[in-house]
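# Inside the fold
As a plain string of letters, each chain reads:
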Amino acid sequence: MAGKIILLILELLFMLKGVSSLCRDESRGDGSSDGPGTEEDECEQNVGICGNHSICINTLGSFCCKCMPGYKELKNRPEFTYDGQCLDINECWEFGNICGPNAYCNNTIGNYTCTCLSGYAKQDATSPSCIDIDECEDGAKPNEGVCGINGTCTNSNGSFWCECPTGFTTYGNERTPCSELKCDQFEGPVAASPQPYGGLAEILSQLKSSCLALARPDQYGNKTTGPTVLLNSLFDLTAEVLSSNNTGDSVAAVSSMLSAVEDSIKLIGPQLTEDQTSMNTSQTETKITVWKKTTPPSGPVRLTNTNANMEADWSTAIGNRTYPGFALAALVSYKNLETMLNQSFEQITLPEKNDRKPSYQLFSKVVSALVSNPDTQHLDKPVILTLRHLKELKESAEVSYTCAYWKAAGGGLQGKEEEGGAWSTRGCTQVSSNASHTVCSCTHLSSFAVLMALYPVNHTFGLMLLTKLCLVVSLLCLLLCILTFKFCRSIKGTRTTIHLHLCICLFLADLVFLAGISKTQPQGGCRLVAGLLHLFFLGAFSWMLLEGVQLYRMVVLVFNTTIRPRYLYTVGYGTPLVIVIISAISRPTGYGTDQYCWLTTEQGLIWSFFGPVCVVIGLNVFFFSITIWKLAQKFSSLNPDLTHLHKIRAFTITAIAQLCVLGLMWLSGVFLFKEGDLAAAYIFTILNGLQGALIFLLNCLLSKQVRDEYGKLLSCICPQTTKKYSGFGSTIRSSQSQASRSGPPTSESNI
């Protein structure tokens, strides 16, 4: 029994020995064997018998498998046959810090790689260990240094930092070159004269303090206001200034404000922590993108808001200087600034069309495009701006679009002697336009807008002739009315005084209109003509209002209906004069356009005329309605005074006719000064000529008292004509006497 056990143990040991030496017996190489058969090579006959990532070794009568370097068998066996599987060894995990402390390990299939941390590099190509890089010596361009010309570099283990002298800063990132700060730029006109800028002067004071804290930390400390807080304050206070219109119509004030916003963004932008910043207020819409990595950016940069799109290249933002450790691009769209800057087109010189000189107006929102590059006057690559029109309108023979930028003439934040600015097309070209957008290509950066060039429609000879004839007829009729109301004693009274001064205002207005409506040069003379037209036409409507008031008093009060002359003159001339003075002070540039000497429609000044006109028409409609209602009541009474009532009725009909003609004339006048509206021009011209003739017909020719006065005058000049006129007058008197027999006496013959 014991012998059998020993034999079993020996047999087991023999089997184990054979297994452990599967790959120790090498193949004989010559193909011979000790046995009668031929040796077979299983590795050649069964390719892939060992599986992936393994090596097959042929043995006498069998084969064995081993895993390739970088792999291990699933059960950790060094050799196997059919039941093994080779898996990748994760050297980074199994062997600990295999790459050393200054690199990180990256496992790959069957191998691994070591990548040095930032600030470290391999000692040589074969060495796996990483050593510190001395950036102060190795990372600099010749004669510049990694911290810039003015910075001092200090190396540390795996890093470095820059120390800047007074007047320079790294914007809080100590591994970027020192950039120069010019804090004096925040001491320009905005800070010197804070009244027109309101809260914007306050934010510029904060920006100056923040600038000084960055540039001179040894004197002002490192306590700076957060960039996001500064940016919010900047645009909130800018919106406040624009909403309250503190800048008025001062081109210099608006130009200074544009420069203030641009320089403020250039100071705040590098301090922002977010790559993209958007800000929307009631007056501005802003997009800012900042790159703050150690390597400079490349490729395109695009910014878009509601009214504009900007396409540039990051190389434009960096410029031809050493990469300062950041790059900035910003797009600011002003929502209502086009009304304030819709002027100063002196430097725009587009070619004439058929001897027609164009006029200009802003046709898009004003947009400021800026980058961190301090020199943007001559860009190597143009910036593409797509600007949306204020309304959809296609180009035509009368309309064309051009790209322009705001050229500041000194002023700004630098505080030069010359202030203001003007629109210019230098360096900007129009790429394409459609009804809604215009694409511009500019080789410099500033504030941009689309200008619409309007080519006037040449008025026909017929319209010009008709205008002059109608105005001459109107002037003659009004002159006859003035002489009649002034010297005809039989019709003296409050109503005659009102008619006299109504005719004087209309006569002077038509005379100025005929002489100077199209005399746009010199500009001062054109503004004077526009102011006189504003005054005299408002005066005409004021006297028409007084006529409505007088008719109302005649019906309601009956007795003591006269109005003292000083009250008449105060309302008739004083009110228009006050309106014109206020308008001229608040909007002096609104008087006179490039085509006509009249009020501009762009700045809302036209409502200083149409507003009072609408009020007068509304009040007169009210007074006439009350008058007609009261007349109807009195005609239906038991004992009406028909003579008095017929007189008031005739007066009312005359006043309503005058109001209709003058009101319809200026209803067409709303469209008169728009380009190409010939129909409105013809209607306005005809009604303008009819008003004088109508007043003469209703108040002179149809009045018996006036006709009698004319007869007396003619009797002194031409006796023969007097006889004919006397016969005509007797015929009228006989017809009146016949009418008196058939009915109660009235004063219908007076009208």
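The model shown is predicted, which means the values in this text are computed figures rather than measured ones.

In summary, the side chains of a regular strand alternate between the two faces of the sheet. Here five bridges tie strand β9 (residues 152-156) to strand β10 (residues 159-163), and the two strands are oriented antiparallel to one another. Each bridged residue has a counterpart across the sheet, and for Ser156 the counterpart in β10 is Ser159. Linkage of β9 to β10, two consecutive antiparallel strands, is achieved through a turn of two residues, within which Gly158 is found at a positive phi near 80°.

Looking at where Asn342 falls in the secondary structure, it is placed in the loop between β17 (327-334) and β18 (359-362). On the basis of relative accessibility, which here comes to 14%, the residue Asn342 falls in the buried class. In this structure the side chain of Asn342 is engaged in a polar contact, spanning 2.8 Å, whose partner is the backbone nitrogen of Leu362. When residues no more than four places from it in sequence are discounted, the contact partners of Asn342 are Gln361, Leu362 and Glu602.

This paragraph deals with the pattern of salt bridges. Applying the stated rule across the entire model yields five salt bridges. One salt bridge in this structure joins Glu94 and Lys72, with 3.0 Å as the shortest N-O distance. Here the residue Glu94 occupies a position in helix α3 (residues 91-94), and Lys72 occupies one in strand β3 (residues 71-73), the gap between them amounting to 22 residues. Glu338 serves as the salt-bridge partner of Lys365, at 3.0 Å between the closest nitrogen and oxygen. Taken together, the residues Lys365 in the loop between β18 and β19 (366-371) and Glu338 in the loop between β17 and β18 connect sequence positions 27 residues apart. You'll find Lys365 and Glu338 in the same group, each marked buried.

The next thing to look at is the pairing of strand β15 (residues 300-304). A one-sided burial pattern is seen for β15, the buried positions being Val301 and Leu303 and the unburied ones Pro300, Arg302 and Thr304. Looking at chain direction, β15 and strand β16 (residues 308-313) are connected through five bridges and run antiparallel. Within the sheet, the bridge partner assigned to Arg302 lies in β16 and is Glu311.

On to the sheet that holds strand β24 (residues 437-442), then. Read across the sheet, five strands follow the order β15-β16-β20-β24-β23 without closing on themselves; strand pairing throughout is antiparallel. Lying at the two open borders of the sheet, with one neighbouring strand each, are β15 and β23 (428-433). Strand-to-strand twist across the sheet, computed as the mean angle between neighbouring axes with direction ignored, equals 20°.

Turning our eyes to something else, we now look at the packing of aromatic side chains. Scanning the model with the defined rule gives 11 aromatic pairs in all. Centre to centre, the rings of Phe63 and Tyr82 are 5.0 Å apart; their planes meet at 85°, and the pair counts as edge-to-face. One end of the pair, Phe63, is in strand β2 (residues 62-67); the other, Tyr82, is in the loop between β3 and β4 (86-88), with 19 residues separating them in the sequence. Considering the side-chain rings of Trp543 and Tyr573, the 5.4 Å spacing of their centres and the 70° angle between planes classify their relative orientation as edge-to-face. Here the residue Trp543 occupies a position in helix α13 (residues 523-556), and Tyr573 occupies one in helix α14 (residues 565-586), the gap between them amounting to 30 residues. One aromatic cluster is present, formed by Phe541, Trp598, Trp607, Phe609 and Phe610 through successive ring pairs. We note Lys293 situated over the ring of Trp291; from NZ or CZ to the ring centre the distance is 4.7 Å. One cation-aromatic arrangement involves Arg566 over Tyr567; the distance from NZ or CZ to the ring centre is 5.2 Å.

With 14 residues, helix α18 (residues 704-717) should cover 20 Å at 1.5 Å per step; its first-to-last C-alpha distance of 20 Å lies within 8% of that length. Among the residues of α18, those classed as buried are Val706, Arg707 and Gly711. In a view along the axis of α18, the buried residues occupy a sector of 145°, so they form one face of it. Within α18, the exposed residues directed more than 90 degrees away from the buried face are Lys712, Leu713 and Cys716.

Let us now look at helix α9 (residues 251-268). Under the 1.5 Å per step criterion, the end-to-end length of α9 is 26 Å for 18 residues, consistent within 8% with the ideal 26 Å. Most of α9 sits out of view: 17 of its 18 residues are buried.

Take Ser364: it is sitting in the loop between β18 and β19. In terms of polar contacts, Ser364 uses its side chain to reach the backbone amide nitrogen of Val450, at 2.8 Å. Leaving out residues up to four positions away in the same chain, Ser364 has contacts with Glu338, Leu387, Arg388, Leu390, Ala449 and Val450.

Counting all residues, the mean pLDDT for the chain is 76, and 73% of those residues have values of 70 or more. In the predicted structure, residues 411-418 sits below a pLDDT of 50 and forms 24 contacts with residues beyond four places in sequence or in another chain. With pLDDT under 50 throughout, residues 721-751 is counted as low confidence; its partners more than four residues away or in other chains account for 28 contacts.

With that settled, consider a nonpolar patch on the surface. On the surface, a cluster of nonpolar side chains totalling about 240 Å² of accessible area is made up of Val472, Leu476 and Leu514. Take Val472: it is sitting in helix α11 (residues 461-487). For Val472, a relative accessible area of 40% gives the class partly exposed.

Moving on, we get to the packing of helix α8 (residues 227-244) against α9. Any two packed helices are characterised by the angle at which their axes cross and by the distance between the axes. Between α8 and α9, whose axes approach to 10 Å, the crossing angle comes to 170°. In terms of orientation, α8 lies roughly antiparallel with respect to α9. Each of Pro227, Leu230, Leu231, Leu234, Phe235, Thr238 and Leu242 in α8 lies in contact with α9, whose residues at this interface are Met257, Val261, Ser264, Ile265 and Ile268.

On to the state of the cysteines. Overall, the coordinates contain 12 disulfides when judged by the stated rule. Between the sulfur of Cys136 and that of Cys153 lies a disulfide, 1.9 Å long from S to S. Taking the sign of the S-S torsion, -75° for the link of Cys136 and Cys153, the bridge is left-handed. Residue Cys136 is found in helix α4 (residues 135-138), and its partner Cys153 is found in strand β9; the two are separated by 17 residues along the sequence. On the basis of relative accessibility, which here comes to 22%, the residue Cys136 falls in the partly exposed class. The partly exposed category is assigned to Cys153, whose relative accessible area is 25%. In this structure Cys505 is not part of a disulfide, and its nearest cysteine sulfur, from Cys503, lies 9.5 Å away.

Thresholds applied
Residues numbered from 1 in each chain as written. Predicted model: local features only at pLDDT ≥ 70, side-chain atom pairs only at ≥ 80, totals over all residues. Heavy atoms only, no water. Pairing = 2+ DSSP bridges. Helix = DSSP H or I, 4+ residues; strand = E, 2+ residues; numbered from the N terminus. Buried < 20%, exposed > 50% of the residue type's maximum accessible area, 1.4 Å probe, protein only. Polar contact = N/O pair within 3.5 Å; in protein donor to acceptor, adjacent residues only side chain to side chain. Contact = heavy atoms within 4.5 Å. Salt bridge = Lys/Arg side-chain N within 4 Å of Asp/Glu carboxyl O. Axes fitted to C-alpha atoms, helices over the stretch in contact; angles between N-to-C directions. Phe/Tyr/Trp six-rings, centres within 6.5 Å; stacked < 30°, edge-to-face > 60°. Lys NZ or Arg CZ within 6 Å of the ring centre and 35° of its normal. Expected span 1.5 Å × (residues − 1). Arc of directions from axis to C-beta. pLDDT = per-residue confidence, 0-100. Patch = residues over 30% accessible without salt bridge, like charges linked within 9 Å, V, L, I, M, F, W, Y side chains within 5 Å. Areas by Shrake-Rupley, 256 points an atom, 1.4 Å probe, with all protein chains shown as cover. Parallel < 35°, antiparallel > 145°, perpendicular 65-115°, else oblique. Disulfide = S-S within 2.5 Å.

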